[in-house]
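Commentary on secondary and tertiary structure
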Amino acid sequence: MNVKNFIVGGIVGGIVDFLLGWLIYGMLLKSTFPAPEGATENMAFIFCGCMSFGFMLSFILNQGEGISKCVSGIKVALGVGLLMSLADMFFNNMYKASLDIKMEAINILASLVIATFVGAAIAVVNGKMK
């Protein structure tokens, strides 16, 4: 694994995740996913979560020879994003008797859109740094 590609890809991926999360969840879907009453967003935790996802995906894409093509990055990111979204959905709803399927589907689709762009960005960075 190329450590330089991993670090730069992780930073770029985390920033892309943060910006797209702000656009999709913070602007476009804000009324769909309102914050609980009295709660405030902890931007440091949000940023750290985005950077964690960026570095995780960068780690996966940099294994072996490293994925450096946009389409390959998108494919891997879709798989990882889908599995992470499903795991997150099941864990977050473990105390509920039923699921709001429409809300969960919107959340999973939004997560997949973000993961797609993060994977593409990391793959492009890997390709440029070869």
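Here, every reference points to the structure presented above.
Attention in this report is confined to the structure presented alongside it. Computed from a prediction, not measured in an experiment: that's the story for all the values here.

Concerning the side chain of S58
Here S58 shows up in helix α2 (residues 43–61). Looking at S58, the relative accessible area reads 0%, which means it is buried.

Re the packing of helix α1 (residues 3–28) against helix α4 (residues 101–128)
Geometry of a packed helix pair, given as the angle between the helix axes and the separation of the axes. It is at 8 Å that the axes of α1 and α4 come closest, and there the two elements cross at 150°. Between α1 and α4, the crossing angle belongs to the class labelled roughly antiparallel. Helix-helix and strand crossings are classified by hand; for α1 and α4 the assignment is right-handed. Here N5, V8, G9, V12, G13, V16, D17, L20, G21, I24 and Y25 of α1 come into contact with α4, specifically with N107, A110, S111, V113, I114, F117, V118, A121, I122, V125 and N126. Taken together, the residues of the contact of α1 with α4 break down into 14 nonpolar, 7 polar and 1 charged.

A short note on the environment of G21
Checked against the element boundaries, G21 lands in helix α1. On the accessibility criterion, G21 (18% relative accessible area) is buried. The sequence separation of G21 and F55 amounts to 34 residues, and the corresponding C-alpha distance is 16 Å. Once you skip the residues sitting within four places of it in the chain, G21 turns out to touch G26 and I114.

Observations regarding the packing of aromatic side chains
Applying the stated criterion across every chain yields a total of 4 aromatic pairs. Judged by centre distance (6.2 Å) and plane angle (80°), the rings of F6 and F59 are edge-to-face. Residue F6 is found in helix α1, and its partner F59 is found in helix α2; the two are separated by 53 residues along the sequence. Here F18 and F47 contribute two aromatic rings whose centre-to-centre distance is 5.5 Å and whose plane-to-plane angle is 75°, an arrangement assigned as edge-to-face. Of this pair, F18 sits in helix α1 while F47 sits in helix α2, and the two are 29 residues apart along the sequence. Of the residues examined, F18 reaches a relative accessible area of 21% and is grouped as partly exposed. Through a chain of ring-to-ring contacts, the aromatic side chains of F6, F55 and F59 assemble into a single cluster.

Brief notes about the packing of α2 against α4
Remark: α2 packs on α4, axes separated minimally by 10 Å, with the N-to-C direction vectors making an angle of 55°. Taken as axis vectors, α2 and α4 run oblique relative to one another. α4 is crossed by α2, and the crossing has right-handed handedness. For the pair α2 and α4, contact is made by F53, G54, L57, S58 and L61 and by A115, V118, G119, I122, A123 and N126, respectively.

Definitions and limits used
- Residues numbered from 1 in each chain as written.
- Predicted model: local features only at pLDDT ≥ 70, side-chain atom pairs only at ≥ 80, totals over all residues.
- Heavy atoms only, no water.
- Helix = DSSP H or I, 4+ residues; strand = E, 2+ residues; numbered from the N terminus.
- Buried < 20%, exposed > 50% of the residue type's maximum accessible area, 1.4 Å probe, protein only.
- Axes fitted to C-alpha atoms, helices over the stretch in contact; angles between N-to-C directions.
- Parallel < 35°, antiparallel > 145°, perpendicular 65-115°, else oblique.
- Left-handed = near helix turned anticlockwise from the far one by under 90°.
- Contact = heavy atoms within 4.5 Å.
- Nonpolar A, V, L, I, M, F, W, Y, C, P; charged D, E, K, R; others polar.
- Phe/Tyr/Trp six-rings, centres within 6.5 Å; stacked < 30°, edge-to-face > 60°.

By themselves these figures say nothing about function.
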